[in-house]
Amino acid sequence: MKQIVCLSNEAWSHSPGRTQQLITRLKHTQVLFFSPSGSWREIRFRAKGRAVKPNITVYPLPPLLLPADERYGPLFRLEQLRLARFIAGRMEEHRFRSPLLWCACPEQVHLLDRLDYDGLIYDCDREWDDLPPAWEGSLASAADVVFAASPELAERLSPCSGNIALLPNGVTYPLFSRIAAPSRPRPEDPVLGWAGTIHGNLDLSPLLYAAQARPRWTFLLLGRREQNPLLHRLARLPNVHFLPPCPLMEVPEHLSRCRVLLNFLREDQPDCDVIPTRIYEYLSTGRPIVSMLWPDQVEHFPDVVYGAHSHQEFLTLCEHALEEPPAWVSQRRLSHGAAAAWSLRAGQVSRILGTAGLL
C-alpha cells in the first residue's frame, strides 16, 4: 500500500475541494492529510489525528506564530522548520517511510529539504500571484509530476517541468445528476440560483441589474458571504434571498429549486482560464446556465452555456434560458458533467502516477 503525505491548501470539509476529492479516490493508499493552519490561537494541532476514513488521517498544521516571510530570513526559516518537524513527527508516529509527497501550494517548497520522501507531486489549481514566482518555479522543477488545472497554468509551468499533465477540476457527478429531471411543476414566477462563496471581489452587478429589472423573478444565493460591496443593496431587494452554506450533499437539493443557474466573475481573475467546480456542478444538473464572460473570453462550453458580456445581455439570456424547451440540450450538459466526474479525474491521476512509478 502506497503511503502519501498530502500538504493541502484547504481544510478537510463536508464540502470537499479539489485536493480532498482526488486524494480520497486514490486506491491502495495510506494518507496523512495536513490541512492549513488557522489563527495563531489555533490549538487543534495538539490533538490526536482524526481518522476520517480507514486509510486517511487528518492533522491541522500548527499556526504560524508571526506573519513572517522570506525577507525575515532566520525567523522565516524557523517557522518552516517548526512545520517540518511537526509533519515529520506525525510521519514517524504512523511509520511512514519515504512516502509520496503531494503539494498544493508553492509555499510548501520550503519544506522539501526538511522531509524524507520518495516522489513529489505538485498540483496547481490556481495562479499564486500573492507569492514569489521563484517559489512555484522551484517546486515545479523539483516535482516528478505536475498537474495543472488549465492550459494556461500548464503553459506557465512548462519552462520549469517537462512532465506536466492537464487535470481540470471535476464534479461529484452522481450527486448532482440525480436532480437532472425536474421533480416539480415549474412555478409561474421563476427561480434563478447561484451556489458558491460570494467573495469580496465577485462582480454581482449583473445580478443587481436583473433583480431590479425583473421583480417577479426570485434569486437564491447559496453559500458563504464575504464583505462584498453590493451585498447590502441586494439584501434590500425582496426577490433576492441568501441561504447559508451547507454540506455538499445538500447543495443539489437547493439547485433543484432553480430553473436557471447563474455564474459571475471575480474582478481579480480577468485572465484566469481555470473552470471552477461550480460550472461542472451546474452542468451535471442538466439545467440552463447563464454565465458572465470577460470581454475577450472564449466560452468553454458554448453549446450548453449562455455567455453574456454585458448587464443587458445577461438579462436577455436569462429570459432565453427560462424559455428553453425541457430536455433541449440537457443531455449534452449531462455529458459534459459526466466527463468531468472526480472518479475519472482520480483515475487519470492514478494512471499517470503509475506510469511514472510513483504509485
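Everything in this summary refers to the structure shown in the same document.

Conventions we followed
- Residues numbered from 1 in each chain as written.
- Predicted model: local features only at pLDDT ≥ 70, side-chain atom pairs only at ≥ 80, totals over all residues.
- Heavy atoms only, no water.
- Helix = DSSP H or I, 4+ residues; strand = E, 2+ residues; numbered from the N terminus.
- Contact = heavy atoms within 4.5 Å.
- 1 Å grid on protein atoms, 1.4 Å probe; cavity = no way out; pocket = protein on both sides within 12 Å on 5 of 7 lines; lining within 4 Å.
- Points joined across faces, edges and corners; volume = space filled by probe spheres on them.
- Nonpolar A, V, L, I, M, F, W, Y, C, P; charged D, E, K, R; others polar.
- Salt bridge = Lys/Arg side-chain N within 4 Å of Asp/Glu carboxyl O.
- Buried < 20%, exposed > 50% of the residue type's maximum accessible area, 1.4 Å probe, protein only.
- Phe/Tyr/Trp six-rings, centres within 6.5 Å; stacked < 30°, edge-to-face > 60°.
- Lys NZ or Arg CZ within 6 Å of the ring centre and 35° of its normal.
- Pairing = 2+ DSSP bridges.
- Axes fitted to C-alpha atoms, helices over the stretch in contact; angles between N-to-C directions.

### Some words on the environment of W217
And then number 1: Considering the arrangement of structural elements, one finds W217 in the loop between α6 (205-213) and β10 (218-222).
And then number 2: C-alpha of W217 to C-alpha of N239: the two residues are 22 residues apart in sequence and 6.6 Å apart in space.
And then number 3: Residues in contact with W217, not counting those within four places in the same chain, are P190, L192, N239, L315, C318, E319 and L322.

### A short note on unusual backbone geometry
And then number 1: Even without being a glycine, H28 presents a positive backbone phi close to 55°.
And then number 2: For H28, the position within the fold is in the loop between α1 (18-23) and β2 (29-35).
And then number 3: Positive phi is not limited to glycine here, since S98 has a value of about 50°.
And then number 4: Its location among the elements puts S98 in the loop between α2 (74-93) and β5 (100-103).

### Let's talk about empty space enclosed by the protein
And then number 1: Scanning the entire structure with this criterion turns up one cavity of 30 Å³ or more.
And then number 2: The calculated volume of the largest cavity comes to roughly 50 Å³.
And then number 3: Lining the largest cavity are G193, W194, L220, L222, L243, H254, L255, R257 and C258.
And then number 4: Residue assignment for the lining of the largest cavity shows that the elements contributing at least two residues are β9 (191-195), β10 and α8 (251-255).
And then number 5: Tallied by class, residues from the lining of the largest cavity come to six nonpolar, two polar and one charged.

### Some remarks on the pattern of salt bridges
And then number 1: The final tally for this structure, using the stated rule, is 11 salt bridges.
And then number 2: One salt bridge connects E92 with R97, and the closest N-O pair in it is separated by 3.6 Å.
And then number 3: Its salt-bridge partner being R266, residue D268 comes within 3.5 Å of it at the nearest N-O pair.
And then number 4: Taking the relative accessible area as the measure of exposure, D268 reaches 43% and is therefore partly exposed.

### A few points about the packing of aromatic side chains
And then number 1: Evaluated as defined, the whole model comprises 10 aromatic pairs.
And then number 2: Between the aromatic rings of Y59 and F86, the centroid separation amounts to 6.4 Å while the plane-to-plane angle is 85°, which identifies the pairing as edge-to-face. Placement of Y59 in strand β4 (residues 56-60) and of F86 in helix α2 is noted, with a sequence separation of 27 residues between them.
And then number 3: Here Y59 falls in the buried class, since its relative accessible area comes to 4%.
And then number 4: When the centroid spacing of 5.9 Å and the interplanar angle of 35° are considered together, the rings of F76 and W135 count as tilted. Pair noted here: F76 is in helix α2 and W135 is in helix α3 (residues 133-142), with a separation of 59 residues, a long-range link.
And then number 5: On the basis of relative accessibility, which here comes to 5%, the residue F76 falls in the buried class.
And then number 6: The buried category is assigned to W135, whose relative accessible area is 7%.
And then number 7: In textbook terms, an aromatic cluster arises when at least three aromatic residues are bridged by ring pairs, as seen for F34, Y59 and F86.
And then number 8: Stacked on the ring of W217, the Lys or Arg R214 has its end atom at 5.9 Å from the ring centre.
And then number 9: Stacked on the ring of Y280, the Lys or Arg R345 has its end atom at 5.7 Å from the ring centre.

### Re the sheet that holds strand β6 (residues 120-124)
And then number 1: Pairing is mixed across the open sheet formed by eight strands, whose spatial order is β3-β4-β2-β1-β5-β6-β7-β8. Looking at strand neighbours, the two that pair on one side only are β3 (50-53) and β8 (164-166), the edges of this open sheet. In this sheet, adjacent strand axes meet at a mean angle of 25° when their direction is disregarded.
And then number 2: Both strand β1 (residues 2-7) and β2 contribute to a ladder of six bridges, which runs parallel. Residue pairing across strands places Q3 opposite Q30, the latter belonging to β2.

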